[in-house]
Amino acid sequence: MAKLALRVNGGNREIEADDPDVPLLYVLRDDLGLTGTKFGCGLAQCGACTVLVAGRAVRSCTTPARSVAGQDVVTIEGLGTLDRLDPVQAAFIAEQAAQCGYCTAGMVMTARALLSRTPRPSEAQVREALAGNLCRCGSHARVIRAVMRAAAQGGR
Amino acid sequence: MLSRRAFLASSGMLVVGLRLGARAGAQSIPGADRFVGKSLAPDAVDSYLAIHADESVTIFVGKVDIGTGGRIAMRQIVGEELDIPPERIAMIEGDTALTPNQGATAGSYGIARGGTQLRQAAATARQALIAQAAQRLNKPVAELDVADGVVRSRDASVSVSYGDLIGDRTFNLKVDPKALLKAPDHFRFIGKSLRRPDIPTKVTGLHRYLHDLILPGMLHARVVRPPALGATLASVEEASISGIPGARLVRIQNFLAVAAEREWDAVRASRTLRATWVTGAGLPDAATQFDAMRASRVVRDQDIVKKGDLSALSAPPPGLTRTLTAEYRWPIQTHGSIGPSCGVADVQADRATIWSSSQNTHGFQATAARFLGLERHRVRVIYMDGAGSYGPNGADDACAEAALISKALGKPVRVQWSRQEEHGLDPKGPAQLLELRAILDAEGGVTAWETQAWLPIATANLPNIPLLALDAAGLQQTPGRSTGLIYQNVDPPYTMPNVHAVVHWIADAPLRTSAIRAPGKIANTFAVESFTDEIAALVRVDPVEFRVRRLTNPRAIEVLQRAAARMGWQARPSPRPVEPNAAVLTGRGIAFVHYKHDETLVAMGMEVAVERATGRIRVTRVVCAHDCGLMINPDNVQAQLEGNIIQTLSRALHEEILYDSDRVTTVDWSSYPILKFPEVPTLEFELIQRLDQPPLGAGEAASTPVAAALGNAVFDATGVRLRAVPFRAERVKAALGG
């Protein structure tokens, strides 16, 4: 059994992994209880499992946990809290940009990565950045508005 | 507008839920178990609501919020009738031990029926509370008013609160169907776009979904599927998973599953386990499925409409008549929930608790009681949010699987489907085939209209969609098929004297079927409204004018005219003259529906650009005029319409389930693509609020005209009529002759 040292949401976490290939998603959800990150496809096709690794949006369902050892991992729980929302989260609430909400955490994380690199994106850039995040309920128009709103308010 | 903080602070249950976190106990809402034993009778006030000594209220709702906003709308309804702020109301949904059976959350009836029942119960409660207050305060009822849950005399000399009158005691009253509802001019909450209570927790990752539920001692399980539908299990090598910590096997006839304490170990075990299967009967050829439908054995014909003189259909009158015929095809499609189905079950010798995202927890309670051999009241099914579902997806299957494995292993069990299971095995929206015929007179009038629809027949009184695990495990269940009411809206909504609309109910469908959003009516409206457009084009009449001329209902005419006005519609026949050398062709289309003939009215306009070289359709603008009667929460209604439009555009442009002789082959998002962010058009709405009318529902109606409006716009742009969904680029290119 191998020990794995991770840095998640600003804290050092050590877990035991039987399988060296265990995807980050399962470590986050099962070992660390961070269930805000969702399983959607296991194929890096839908974006529901998106987290930030060193500031980049990464699909945790196909990312081996060991490959991010030592890097800063941020999940939706580490982005903001109800009392101290990230501007992206605040904008999603302002636009009521969710229906079932299962895909929402992944979209918030993707949007956060975009705005950190491109603080004033065009709407086309927002759409392109979110192209790998699927939503079935059809909240897209509100999500686009939310990300533009966060950007307009200096959402870094 | 309620502030988020005020809402969370006053809705104590939500706050408790957050603090306990994802690994907390077994209830969907902490504290809910104190209500066990309460009334569940559908005609009792106590079944729907309880008023507490601290002036808060709990409502018990059989209809569940699957992301649709019922969680705020139901509070608005009850808050309105009781005159208490919605943020003081906690809500329990879809718990068979706590909520009355209001039927499945389906058919766009969540608010229209479920909310209306709740409203009448609240009005009855208010009436009773005022009568009690009159006695207590020694004042006539006519001199009393209610504000924020306090009954006061008009002279403000005396008052008593709801909590003091009834706090935590029962009403013991039947719902009074004559209890006076509040008049619209006194509405404080109904008709307002109050914010949903669940969005803050959803955007911060704190919202606890079914998929996140962990019970003490719970095992994670995966079902090991056969390589072909209907295959039987010959042998299993249990030793093949011996290297995976704690992995164990469950086999019941052809039902095979693995379980482990850690989820990834269960996934690994399901991939590692070696088993030998004997292939089943096989599936028919997908390439010829529509020919097979036409050739299929017809169980019976059902006339949906048969009126007027139909002689012209059998013998078109000689002279200046024209006959128009067209066939429309709609493929098999999946619900495509973003989170694959999940189920959690704790089955013990004499009782069972099942946590489910099913839209019909009460229905599943009866099903589970049957297959577990328990009395119905020994089975409790508790709704928890899942990923959005649009009808019965794999939720009941996953729960049945969790229950069988839990029973076998004596521990709580969570089953999580994979993406491939969800796409491959969820019960599907069936294919639909329609042939339409019109006899036109010399002046362009419609002498006669005929719809023929080939649709798979549903089984009458089927208790549940046959579940995969029960079949595999050899457990008894009623065989049959569920489809929803797929025959509705096969006839034109227009004034036409001679109409024959017939459904040929056919015996078979290649894959398991279920109701999927607006079941049947999306394809039927695609056919009827495309064909209406074909007639208008043939007789060279503007498509809006053609429709308005044949409508008498002023509400129908209003939605069409408002959609047209919003679009800046220029009256002219379709198609527009095609520029011979243009690389991109643009056009506009319109479609109309009167959902289920007497419910919500929708007119939808669409603007498209079609790339000639590739056949790619870009939808640039959608305008939706919508009259669903009373809107409890207009922003929620609009969110539903956005969802209807985007989801159905996706279905019309991209989606088709395919299969080989063994199984479904479109089992991921690359072989079954859906609409992506860059494709989302501009959406505009004309929402018609009718405060004095009953609510008619908004969950489905706006999905039904989408494909027709799209096809009509493509025709307007290109002169080419698309009659088979999906309108994928290669198909459009071929139709354009490219």
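Thresholds, definitions, all that
Residues numbered from 1 in each chain as written. Chains lettered and ligands numbered in written order. Predicted model: local features only at pLDDT ≥ 70, side-chain atom pairs only at ≥ 80, totals over all residues. Heavy atoms only, no water. Helix = DSSP H or I, 4+ residues; strand = E, 2+ residues; numbered from the N terminus. Rg over C-alpha atoms; globule rule 2.2 N^0.38 Å. Expected span 1.5 Å × (residues − 1). Buried < 20%, exposed > 50% of the residue type's maximum accessible area, 1.4 Å probe, protein only. Salt bridge = Lys/Arg side-chain N within 4 Å of Asp/Glu carboxyl O. Pairing = 2+ DSSP bridges. Axes fitted to C-alpha atoms, helices over the stretch in contact; angles between N-to-C directions. Contact = heavy atoms within 4.5 Å. Buried area = accessible area lost by both parts, 1.4 Å probe. Polar contact = N/O pair within 3.5 Å; in protein donor to acceptor, adjacent residues only side chain to side chain. Phe/Tyr/Trp six-rings, centres within 6.5 Å; stacked < 30°, edge-to-face > 60°. Lys NZ or Arg CZ within 6 Å of the ring centre and 35° of its normal. Domains from an automatic or database assignment. Nonpolar A, V, L, I, M, F, W, Y, C, P; charged D, E, K, R; others polar. Core = buried A, V, L, I, M, F, W, Y, C linked by side-chain atoms within 4.5 Å.

Participant: What am I meant to see in the overall build of chain A here?
Facilitator: Along chain A, the regular secondary structure elements total six helices and five strands. Secondary structure elements of chain A, listed N to C terminal, follow the sequence β-β-α-β-β-β-α-α-α-α-α. Its C-alpha atoms give chain A a radius of gyration of 15 Å, near enough to 15 Å, the size a compact globule of 156 residues would have. When the backbone C-alpha atoms are referred to their principal axes, chain A occupies close to 45 × 30 × 25 Å.

Participant: Help me understand helix H18 (residues 634–653) of chain B, please; the structure alone is not making it clear to me.
Facilitator: Each α-helix turn comprises 3.6 residues. Residues three or four places apart therefore point the same way. Helix length check: H18 of chain B, at 20 residues, gives a terminal C-alpha distance of 28 Å against a target of 28 Å (1.5 Å per residue), a fit within 8%. Most of H18 of chain B sits inside the fold, with 18 of its 20 residues counted as buried.

Participant: Can you help me understand the pattern of salt bridges in this one?
Facilitator: When their charged atoms lie close together, side chains carrying opposite charge are able to pair. Residues and elements named next belong to chain B. Applying the stated rule across the entire model yields 68 salt bridges over all chains. Here Asp83 and Arg126 are joined by a salt bridge, their closest N and O atoms 2.5 Å apart. Placement of Asp83 in the loop between helix H4 (70–82) and strand S3 (89–93) and of Arg126 in helix H5 (residues 110–137) is noted, with a sequence separation of 43 residues between them. Side by side, Asp83 and Arg126 carry an identical accessibility label, which is buried. Linked by salt bridges that have partners in common, Arg555, Glu558, Arg562, Arg566, Glu607, Arg621, Asp627, Glu684, Glu686 and Arg690 make up one network.

Participant: I'm lost on the sheet that holds strand S1 (residues 49–51) of chain B in this one. Help?
Facilitator: Think of a sheet as strands paired side by side through backbone hydrogen bonds, with each pair either parallel or antiparallel. All names here are of chain B. Strand order in this open sheet of three strands is S1-S2-S3, and the pairing throughout is mixed. If you trace the sheet from one side to the other, it starts and ends with S1 and S3, each paired once. The mean inter-strand angle of the sheet, taken between neighbouring strand axes irrespective of direction, is 15 degrees. For S1 and strand S2 (residues 57–61), the ladder comprises three bridges, and the chain directions are antiparallel. Of the residues in S2, the one forming a bridge with Ala50 is Thr58. Of the strands in this sheet, S1, S2 and S3 touch H4, which is tilted by about 130 degrees from S3. Of the strands in this sheet, S1 and S2 touch H5, which is tilted by about 30 degrees from S1.

Participant: Sorry if this is basic, but what is going on with the interface of chain A and chain B here?
Facilitator: Think of interface size as the accessible area that goes away when the parts come together; that is how it is often given. Contact with chain A, which involves 58 residues of that partner, is made by 70 residues of chain B. Approximately 5,200 Å² of surface area, both sides summed, lies buried where chain A meets chain B, with 56% of it carried by carbon and sulfur atoms. Per-residue buried area on chain A facing chain B is highest for Leu82, Gln99 and Arg136 of chain A; these three make up 17% of the total on that side. Connecting chain A to chain B are eight salt bridges. A salt bridge links Asp635 of chain B to Arg142 of chain A, with the nearest nitrogen and oxygen atoms 3.1 Å apart. Viewed at the interface, chain B and chain A are joined by 33 residue pairs in polar contact (both at pLDDT 80 or more).

Participant: Please explain helix H1 (residues 24–31) of chain A as it appears in this structure.
Facilitator: All names here are of chain A. The element H1 is extensively covered by neighbouring structure, given that seven of its eight residues are classed as buried. Those residues of H1 that sit buried are Leu24, Leu25, Tyr26, Val27, Leu28, Arg29 and Asp30. Following H1 by one or two positions, Gly33 adopts a phi angle in the positive range, close to 65 degrees.

Participant: Got a minute to help me understand the packing of aromatic side chains in this structure?
Facilitator: The geometry of an aromatic ring pair is captured by two quantities: the separation of the ring centres and the angle between the planes. Residues and elements named next belong to chain B. Scanning the model with the defined rule gives 10 aromatic pairs over all chains in all. Summarising the aromatic geometry, the rings of Phe35 and Phe60 are spaced 5.0 Å apart at their centres and angled 80 degrees between planes, so their arrangement reads as edge-to-face. One end of the pair, Phe35, is in the loop between helix H2 (12–20) and helix H3 (45–48); the other, Phe60, is in strand S2, with 25 residues separating them in the sequence. In terms of burial, Phe35 and Phe60 fall into one category: buried. Its end group placed over the ring of Phe60, Lys38 keeps NZ or CZ at 4.0 Å from the ring centre.

Participant: I keep staring at the sheet that holds strand S6 (residues 159–161) of chain B and nothing clicks. Help me out?
Facilitator: Residue and element names in this part refer to chain B. In spatial order, the strands read S4-S5-S6; together these three strands make up an open sheet with antiparallel pairing. Every other strand in the sheet has two partners, leaving strand S4 (144–147) and S6 as the edge strands with one partner each. Pairs of neighbouring strands in the sheet enclose a mean axial angle of 20 degrees, with direction left out of account. In this fold H5 packs onto S4, strand S5 (150–153) and S6, with an angle of close to 125 degrees to the strand it touches most, S4.

Participant: Is there a simple way to think about the domain arrangement of chain A in this case?
Facilitator: All names here are of chain A. Domain annotation of chain A identifies domain 1 (2–79) and domain 2 (87–152). The centre of domain 1, based on its C-alpha atoms, is set 21 Å off from the matching centre of domain 2. Domain 1 puts 18 residues into the contact, and the matching count from domain 2 is 13 residues. Where domain 1 abuts domain 2, roughly 1,300 Å² becomes buried across the two surfaces, and 63% of that area is made up of carbon and sulfur atoms. Applying the counting rule to domain 1 against domain 2 returns zero salt bridges. On inspection of domain 1 and its partner domain 2, the count reaches four residue pairs in polar contact (both at pLDDT 80 or more). Of all the secondary-structure elements, those providing two or more residues to the side of domain 1 that touches domain 2 are strand S3 (50–53), strand S4 (56–59) and helix H2 (76–79). Residue composition of the side of domain 1 that touches domain 2, by class: nine nonpolar, six polar and three charged.

Participant: I tried to follow the domain arrangement of chain B on my own but got confused; where do I start?
Facilitator: All names here are of chain B. Taken domain by domain, chain B holds domain 1 (4–181), domain 2 (214–275 + 336–425), domain 3 (289–334 + 428–466 + 473–506) and domain 4 (541–736). The partner domain 3 presents eight residues to the 13 residues of domain 2 that form the contact. Buried area between domain 2 and domain 3, summed over both chains or domains, comes out near 820 Å², and the portion from carbon and sulfur atoms is 53%. Between the two partners, domain 2 and domain 3, sit zero salt bridges. Scanning the region where domain 2 abuts domain 3 turns up five residue pairs in polar contact (both at pLDDT 80 or more). The set of elements that each furnish at least two residues to the side of domain 2 that touches domain 3 consists of helix H11 (361–372) and helix H13 (419–425). It is H13 that contributes the most residues to the side of domain 2 that touches domain 3, four residues altogether.

Participant: Before we go on, may I ask you to explain the nonpolar core in this structure?
Facilitator: Looking at soluble globular proteins, one finds that nonpolar side chains tend to be buried together. Ranked by internal contacts, the top residues of the largest apolar core, which has 97 residues, are Met604, Ile617 and Leu710 of chain B. In terms of domain composition, this core takes at least three residues from each of domain 3 (289–334 + 428–466 + 473–506) and domain 4 (541–736) of chain B. If near-sequence neighbours (up to four positions away) are discounted, Met604 of chain B is found in contact with Gly589, Ile590, Ala591, Val622, Val623, Cys624, Ile645, Ala702, Pro705, Val706 and Ala709 of chain B. Counting residues in hydrophobic clusters, the runner-up holds 80 residues, among them Phe39, Val88 and Ala105 of chain A together with Leu511 of chain B.

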